[in-house]
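Reading the structure
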Amino acid sequence: MATAMASALAKIPVRRDIAMTGEITLRGKVLPIGGLKEKLLAAHRAGLFEVILPLENEKDVAEVPENLRTAMKLHFVDNMDQVLAVALEGPLPQVPSEAETMAPIATPPAGEIPTARQ
């Protein structure tokens, strides 16, 4: 759902040839999931050969049959930025830094301090 929202806001489509699973925290960290083998089998049966998975599930790949591991491209990610870099059809636009977006505060010349009545 977070990927779909980012896609809609950025107006960049999500790739149709990739599956993903995981849960994210409010700060964008990707949390591990259960049932990795079953989810990979389901993606493969659906004709998807590229999957985004939580980094913490990398150790569970040993349970997946060898033929499935070699047939699929697995992307292990730790945060939402990494998910979007793989899942979207193009890169997200760069957000200007705070220094670039804030206008400088004009200070009056010495001796010309404005008062509340002006």
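A short tour of the structure in this document, coming up. Keep in mind that this is a model prediction, so the values were computed, not measured.

Criteria and thresholds
Residues numbered from 1 in each chain as written. Predicted model: local features only at pLDDT ≥ 70, side-chain atom pairs only at ≥ 80, totals over all residues. Heavy atoms only, no water. 1 Å grid on protein atoms, 1.4 Å probe; cavity = no way out; pocket = protein on both sides within 12 Å on 5 of 7 lines; lining within 4 Å. Points joined across faces, edges and corners; volume = space filled by probe spheres on them. Helix = DSSP H or I, 4+ residues; strand = E, 2+ residues; numbered from the N terminus. Nonpolar A, V, L, I, M, F, W, Y, C, P; charged D, E, K, R; others polar. Axes fitted to C-alpha atoms, helices over the stretch in contact; angles between N-to-C directions. Parallel < 35°, antiparallel > 145°, perpendicular 65-115°, else oblique. Left-handed = near helix turned anticlockwise from the far one by under 90°. Contact = heavy atoms within 4.5 Å.

Overview of the layout of surface pockets
The volume enclosed by the largest pocket comes to roughly 240 Å³. Looking at the largest pocket, it is lined by 14 residues, and the ones nearest its centre are Met1, Thr3, Met20, Gly22 and Ile24. In terms of residue count, helix α1 (residues 2-10) provides more of the lining of the largest pocket than any other element does, three residues in total. Of the residues that constitute the lining of the largest pocket, the class distribution is ten nonpolar, three polar and one charged.

Topic: the packing of α1 against helix α4 (residues 80-87)
At a closest axis distance of 11 Å, the pairing of α1 and α4 adopts a crossing angle of 65°. It follows from the interaxial angle that α1 and α4 lie roughly perpendicular. By crossing handedness, the relation of α1 to α4 is classed as right-handed. On α4, the residues that touch Ala2, Thr3 and Ala6 of α1 are Met80, Val83, Leu84 and Ala87. Each residue belonging to the contact of α1 with α4 can be placed in one class, and the counts come to six nonpolar, one polar and no charged.

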